[in-house]
Amino acid sequence: MLTLEEVIVSPPAAGEVLDLTALFGCAAPLEIEIGTGKGTFLLNRAKAMPERNFFGLEWANQYYLYAAARVVRWGLSNIRLMRTDARHLVIHQLPPESVRILHIYHPDPWPKKRHHKRRLFQPEFVAAAARILLPGGRLAIQTDHAEYFSWIRRVVAEYQGLVEIPFDCPESGVIAGRVATNFEVKYLREGRPIYQIALMKIGV
Ligand SMILES: C[S@@+](CC[C@H](N)C(=O)[O-])C[C@H]1O[C@@H](n2cnc3c(N)ncnc32)[C@H](O)[C@@H]1O
């Protein structure tokens, strides 16, 4: 069982690439979730798959502390959480071809046009996300925002090294389209539509 100090890991120093094996103390297939929020998806997934490692990235202090406390309470040893800007970490500080699945569920939609530049999904980010995936690795995305979904579809389609695959995938913990994040549960209860897309990294 891990302590809070062991679950929470510090961002690497400027210019350094994160050593993922050292982070977990063992090599195992790695999944990353960006924007873990309160951590419901990541915790359930890590509990179901103890033979994999799970790395959650979240920049909101209160959410990541809440999720970290849950990891300790649940007694999970295969999760690490980092408070950081995931965009910067993915683009500059994660090693290539290291991630089996990258989960991004309900990324902030930044609906106002003048804020679109703050959206996570930009060409530079998509190229970096593909770079950190293993060949055959999966990028799974879900949002409740129709216009942001069209934007995401366009940006990922422009990147040559990713092909669309079915979203349903028991191997990724997704059964019949249900990911079961906190936001998904809330929005489904409100009757809002949910948009999903999954992509696989191919060699180009
Ligand atoms: C709308 S919430 C969704 C939370 C969770 N994925 C869910 O579906 O319940 C988006 C989360 O992403 C986090 N986030 C947004 N941009 C981020 C970034 N660049 N790096 C890390 N976390 C980010 C926010 O703080 C927030 O907790």
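Residues numbered from 1 in each chain as written. Predicted model: local features only at pLDDT ≥ 70, side-chain atom pairs only at ≥ 80, totals over all residues. Heavy atoms only, no water.

Q: Just to check I follow, could you spell out the overall build of the protein for this structure?
A: A count of helices and strands for the protein gives eight helices and eight strands. Computed over its C-alpha atoms, the radius of gyration of the protein comes to 16 Å, within 12% of the 17 Å expected for a compact globule of 204 residues. The principal-axis extent of the C-alpha atoms belonging to the protein is close to 40 × 40 × 35 Å. Out of the 204 residues belonging to the protein, those deemed buried represent 50%. Long-range pairs, those at least 24 residues apart, make up 81% of the contacts in the protein between residues at least 6 apart in sequence. Treating the 25 positive side-chain charges of the protein as one cloud and the 20 negative ones as another, the clouds have centres 6 Å apart. (Helix = DSSP H or I, 4+ residues; strand = E, 2+ residues; numbered from the N terminus. Rg over C-alpha atoms; globule rule 2.2 N^0.38 Å. Buried < 20%, exposed > 50% of the residue type's maximum accessible area, 1.4 Å probe, protein only. Contact = heavy atoms within 4.5 Å. Lys, Arg positive; Asp, Glu negative; His and termini not counted. Charge placed at Lys NZ, Arg CZ, Asp CG, Glu CD.)

Q: Whenever I open this one, the site of the ligand confuses me. Can you help?
A: Not every one of the 16 residues close to the ligand is listed here, only the nearest: G35, E58, Y105, T181 and F183. The contact in question runs from a nitrogen atom of the ligand to an N or O atom on the backbone of W59, over 3.2 Å. A distance of 2.8 Å is found between a nitrogen atom of the ligand and a backbone nitrogen or oxygen belonging to Y105. Taking 590 Å² as the accessible area of the ligand by itself, protein coverage stands at 91%. The cavity where the ligand resides is the largest pocket. Residues that form the shell around the ligand fall into these classes: six nonpolar, six polar and four charged. (Near = heavy atom within 4 Å. Polar contact = N/O pair within 3.5 Å; in protein donor to acceptor, adjacent residues only side chain to side chain. Areas by Shrake-Rupley, 256 points an atom, 1.4 Å probe, with all protein chains shown as cover. 1 Å grid on protein atoms, 1.4 Å probe; cavity = no way out; pocket = protein on both sides within 12 Å on 5 of 7 lines; lining within 4 Å. Sits in = over half its atoms within 2 Å of the grid points. Nonpolar A, V, L, I, M, F, W, Y, C, P; charged D, E, K, R; others polar.)

Q: Teacher, can you tell me more about the nonpolar core here?
A: The tendency in soluble globular proteins is for nonpolar side chains to be buried side by side. Counting residues in hydrophobic clusters, the biggest one holds 39 residues, and the most contacted among them are I32, I34, F55, L94, L102 and F121. The contacts of L102, once residues within four sequence positions are left out, are I32, I34, A129, I132, L133, R138, L139 and A140. (Core = buried A, V, L, I, M, F, W, Y, C linked by side-chain atoms within 4.5 Å.)

Q: Where do I start with the layout of surface pockets in this structure?
A: Unoccupied space between atoms shows up once a probe the size of one water molecule is rolled over them. Quantified by volume, the largest pocket comes out at close to 710 Å³. Along its surface, the largest pocket is lined by 35 residues, and G35, E58, H106, P107 and D108 are the ones closest to its centre. Taken together, the elements giving at least two residues each to the lining of the largest pocket come down to strand 2 (30-34), helix 3 (40-48), strand 3 (53-58), helix 5 (86-93), strand 5 (99-105) and helix 8 (182-189). Take the lining of the largest pocket: its biggest share by element is four residues, from helix 8. Here the lining of the largest pocket is built from residues that sort into 15 nonpolar, 11 polar and nine charged. (Points joined across faces, edges and corners; volume = space filled by probe spheres on them.)

Q: Where do I start with a positive patch on the surface in this structure?
A: Where like charges cluster on the molecular surface, the positive patch consists of K112, R114, K117 and R118. Relative to the helices and strands, R118 resides in the loop between strand 5 and helix 6 (123-132). Assessed through its relative accessible area of 42%, R118 is described here as partly exposed. (Patch = residues over 30% accessible without salt bridge, like charges linked within 9 Å, V, L, I, M, F, W, Y side chains within 5 Å. Salt bridge = Lys/Arg side-chain N within 4 Å of Asp/Glu carboxyl O.)

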